[in-house]
Amino acid sequence: MARFKVNVVALLQEFWEKKEKRRAVFPSESLVAYESVPSPDPPFVCYVTLPGGSCFGNFQCCSSRAEARRDAAKVALINSLYNELPSRRITKDFIMKSVQEAVSSTSGNITDADDPSTSVGAYHYMLETNIGKTMLEFQELMIVFQLLHWNGSLKALRETKCSRQEVIAYYSQHSLDERMRSHMALDWIMKEEQTPGIISQELQMALRELEESRKAGRELRFYKEKKEILSLALSHIYGDCITSPKSLDQMNYKLNGYR
């Protein structure tokens, strides 16, 4: 009996095109983007970025770029379909359970949920302002705040007496774009001046986290954005000797000892 071969790349594209037509999510973006990591030899790595920014990669050891692309598409398709389940949409019940879990994990108090100046309260506030959205949509916003926390920007904003509500309201209206990445890269350049070698150290950590998460089939955008921001910072420091995304990837692999 002949085996039926499913074209997961086409299925993933069709899935998101249908969502675009229904204007269910991310109406301003429609393309599923693939990115192959430059490498002369297997195993090959491919990332796929969905409309809205969620990123996945192949978790199997792939002997060809086409195989890596198909495997990445499969991981992204499974997560896209899973995201359609009712349990993945933010509801009042979902918020209640999530806040209770957050309180337990932080050894906090349930009363903190009503105080936006606390971390649990800020999380509760963000969930409430995104009720009705899916977890992939909510995650797009959370990635921004994860990066701001990692970059030290949230701490700087608190020192200017900005309330958490003001910070959340501002960044909820600003997507992660080249301008925001450039600002974060400049912050790391200043940190490098104070602590030489810190960018390379952070980059090695980001690459390790990216690799481990990819092999586990998890969402990758946070680690991939860290890599991009740190690579951008290094490109500014070293100037013309690092000019292309390909050379950045090759340098990143050397830094982490993968090649």
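Rules used in this analysis
- Throughout this description, residue numbers start from 1 for each chain and increase along the sequence as written.
- Per-residue local features are limited, in this predicted model, to residues with pLDDT of at least 70; the limit for side-chain atom pairs, both in listing and counting, is 80 or more; totals at the level of whole chains, interfaces and linings are taken over all residues.
- Heavy atoms throughout the structure, all of them, feed into the side-chain values; hydrogens and water do not.
- Think of it this way: DSSP has to see at least two bridges between two strands before they count as a pair.
- Secondary structure elements follow DSSP: runs of H or I of four or more residues count as helices, runs of E of two or more count as strands, with numbering from the N terminus.
- Between rings of Phe, Tyr and Trp, where Trp is taken as its six-membered ring, a pair exists when centres lie within 6.5 Å; planes separated by under 30 degrees are stacked, by over 60 edge-to-face, and by other angles tilted.
- Under the scheme applied here, a residue whose accessible area is under 20% of the maximum for its type counts as buried, over 50% as exposed, and between as partly exposed, the area being computed with a 1.4 Å probe on protein chains only.
- Disulfides are defined as pairs of cysteine sulfur atoms found within 2.5 Å of each other.
- Axes here mean lines fitted to C-alpha atoms, for a helix over just the part in contact, with angles spanning 0 to 180 degrees between N-to-C directions.
- Crossing handedness: left-handed means the near helix sits turned counterclockwise from the far one by under a right angle, and right-handed means the same turn made clockwise.
- Any pair of residues with heavy atoms lying within 4.5 Å of one another is described as a contacting pair.
- By the convention adopted, Pro, Cys, Tyr, Trp, Phe, Met, Ile, Leu, Val and Ala count as nonpolar, Lys, Arg, Asp and Glu as charged, and the other residues, Gly among them, as polar.

Participant: Explain the pairing of strand S2 (residues 46–49) residue by residue, including any values.
Facilitator: For a regular strand, side-chain orientation follows a simple rule: the groups alternate between the two sheet faces. Pairing of strand S1 (residues 33–36) with S2 involves 4 bridges; the strand directions are antiparallel. Of the residues in S2, the one forming a bridge with Ser36 is Cys46. Relative to strand S3 (residues 55–57), S2 runs antiparallel, the two sharing 3 bridges. Bridge pairing links Val48 to Phe56 in S3.

Participant: Outline the packing of aromatic side chains, supporting the account with residue identities and numerical values.
Facilitator: As enumerated under the stated definition, the model contains 6 aromatic pairs in all. Residues Phe15 and Trp16 carry aromatic rings whose centres are separated by 5.5 Å and whose planes lie at 80° to one another, so their mutual orientation is edge-to-face. As far as burial versus exposure is concerned, Phe15 and Trp16 are alike and both buried. Between Tyr170 and Tyr171 the ring centres are 4.9 Å apart and the planes differ by 85°, which places this aromatic pair in the edge-to-face class.

Participant: Could you give me a rundown of the state of the cysteines, with the residues and numbers involved?
Facilitator: Each disulfide consists of one covalent bond between the sulfur atoms belonging to two cysteines. Under the defined criterion, the tally for this structure stands at 0 disulfides. A disulfide-free cysteine, Cys46 has its sulfur positioned 8.9 Å from the sulfur of Cys62, the nearest such atom. With no disulfide of its own, Cys61 has Cys62 as its nearest cysteine by sulfur position, at a separation of 7.0 Å.

Participant: Could you give me a rundown of the packing of helix H1 (residues 8–22) against helix H2 (residues 65–82), with the residues and numbers involved?
Facilitator: Interhelical geometry of H1 versus H2 gives an angle of 35° and a closest axis separation of 8 Å. Crossing handedness for the pair H1 and H2: left-handed. For the pair formed by H1 and H2, the contact residues are Val8, Val9, Leu11, Leu12, Phe15 and Trp16 on the first element and Arg69, Arg70, Ala73, Lys74, Ala76, Leu77, Ser80 and Leu81 on the second. Its residues assigned to classes, the contact of H1 with H2 comprises 10 nonpolar, 1 polar and 3 charged.

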